[in-house]
Amino acid sequence: KQLLSYVGNNFGSGVTKRNSLCRYFVGVLNKDSGQMEVYNAEIFNMQPLLSDNLIPDDTKDYQNKSFREKVDLCIEAFGTSKQKRALNSRRMNAVGNDMLNTAVTKAAANVIDAKGVTALIQDVAQDDVQNMSIFLPPCHEDADKPEHVYKFEDILSPAEYEALKGPAAAFINITPEEITKKTEEKSHCSFVLEELKFLPVDEKSRDHKARCLWFLDILVKFSFLKVIKKKHPMGPECPHIISRKLMKNFTSLTYNNGSVQNLISASMKTKITSYVIALALHINKFQIDLTVLQNDMKLHESRMMDIAKAMRLKISKAKGLPGLENDQNHKLGTLSLPLPAQKTSGNQRKRKKMN
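What you are looking at is a predicted structure, and each value in this text was computed from that prediction instead of being measured.

Draft legend 1. Quick peek at helix α14 (residues 301-310). Looking only at α14, the buried set comprises Met 304, Met 305, Asp 306, Ile 307, Ala 308 and Ala 310. A positive phi of about 70 degrees marks Arg 312, the residue just after α14.

Draft legend 2. Structural context of the side chain of Lys 331. Turning to its location among the elements, Lys 331 is positioned in strand β10 (residues 330-334). With residues near it in sequence (within four places) discarded, Lys 331 still touches Ile 288, Asp 289, Leu 290, Thr 291, Glu 301, Met 305, Ile 315, Ser 316 and Lys 317.

Draft legend 3. Looking closely at the packing of helix α10 (residues 203-223) against helix α11 (residues 240-249). The interhelical angle for the contact between α10 and α11, taken along N-to-C directions, is 45 degrees, at an axis separation of 12 Å. One way to sum up the angle between α10 and α11 is to call them oblique. Here α10 and α11 pass one another in a crossing that is right-handed. Between α10 and α11, the residues in contact are Phe 215, Ile 218, Leu 219 and Phe 222 and Ile 242, Lys 245, Leu 246 and Met 247, respectively. Residues of the contact of α10 with α11, tallied by class, amount to seven nonpolar, no polar and one charged.

Draft legend 4. Seen up close, the sheet that holds β10. Ordered by their spatial adjacency, three strands build an open sheet running β8-β10-β9, and the pairing between neighbours is antiparallel. Only two strands of the sheet have a single partner each, and these edge strands are β8 (287-289) and β9 (314-318). Across the sheet, the mean angle separating the axes of adjacent strands is 30 degrees when strand polarity is ignored. Where β9 meets β10, five bridges bridge the pair, whose relative direction is antiparallel. Bridge pairing links Ser 316 to Leu 332 in β10.

Draft legend 5. Structural detail: the confidence of the model for the protein. Residues of the protein with pLDDT of at least 70 account for 78%, and the chain-wide mean is 82. Counted against residues more than four places away or in other chains, residues 345-355, with its pLDDT under 50, gives 13 contacts.

Thresholds applied
Residues numbered from 1 in each chain as written. Predicted model: local features only at pLDDT ≥ 70, side-chain atom pairs only at ≥ 80, totals over all residues. Heavy atoms only, no water. Buried < 20%, exposed > 50% of the residue type's maximum accessible area, 1.4 Å probe, protein only. Helix = DSSP H or I, 4+ residues; strand = E, 2+ residues; numbered from the N terminus. Contact = heavy atoms within 4.5 Å. Axes fitted to C-alpha atoms, helices over the stretch in contact; angles between N-to-C directions. Parallel < 35°, antiparallel > 145°, perpendicular 65-115°, else oblique. Left-handed = near helix turned anticlockwise from the far one by under 90°. Nonpolar A, V, L, I, M, F, W, Y, C, P; charged D, E, K, R; others polar. Pairing = 2+ DSSP bridges. pLDDT = per-residue confidence, 0-100.

In structure tokens:
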């Protein structure tokens, strides 16, 4: 027979609370005489001490074990065959995981030794550039003119461009007083308000710029939405073909509460920003104030610069436009040929510091 020892504490923080108005007794029955003797007692919890070689006072090791370890000891001593098989299986899995982690760590070390940390960082940085390029307008690297690098028809199709004639009409004959009022009301983004001051005199060019500015303003406003719940989120004045373009090209589908919703995710925000930059380049002769667009899109400068570099723009410092965030160091983005080599994002610099 196996004797099982029990241990417990009648003092300390873990002691069971007792009623001071009660007295506790322990009865010991004498099997031979059939009589019971009663002794004064204190109440406290006792736990089984599962060890063959520990004396009753040596309970420190047991008490330091976790609840899971104590349960496992009970299963080893009193568990059913099924419980013991489950325990052995769990322990074998733990050993297998340790071996797998060791193997993965060793394999990673071998790759680093063979290829070098610098080369691996460059590979990861290149992946960053490729991942971002998915959300950029089509780039024609073999273009012979800046206007052919990001083709206008890749931004607006002929049908979409034609649909902008109606809503953009308000921009064509806008007066300086109306621009001032709109600036005070902040009804349009800063880039659009500034460019409205310099509409061409030529009727055809004026109409073209007005349409581009109206669509750029819609893109900026659309980027601030989170979950699209309306069929026409930009209002009834937005042509149906433009609303459909926004929903199809600049939102992600997500499933929530039993229904499909259109969401403007971080990647879609990047895509919208890249199209805003491409359109702004066409509007402003392929040189733009990136800081103005950054403020309009409410982005961090590092994010804006990452997108601009991925679009192969040359970045330079410039003085801010009059009245527009003059305390900032403005950055100019220029699209010119030949295109500069693709530069990795700021994440590469962070990885270098970490390593």
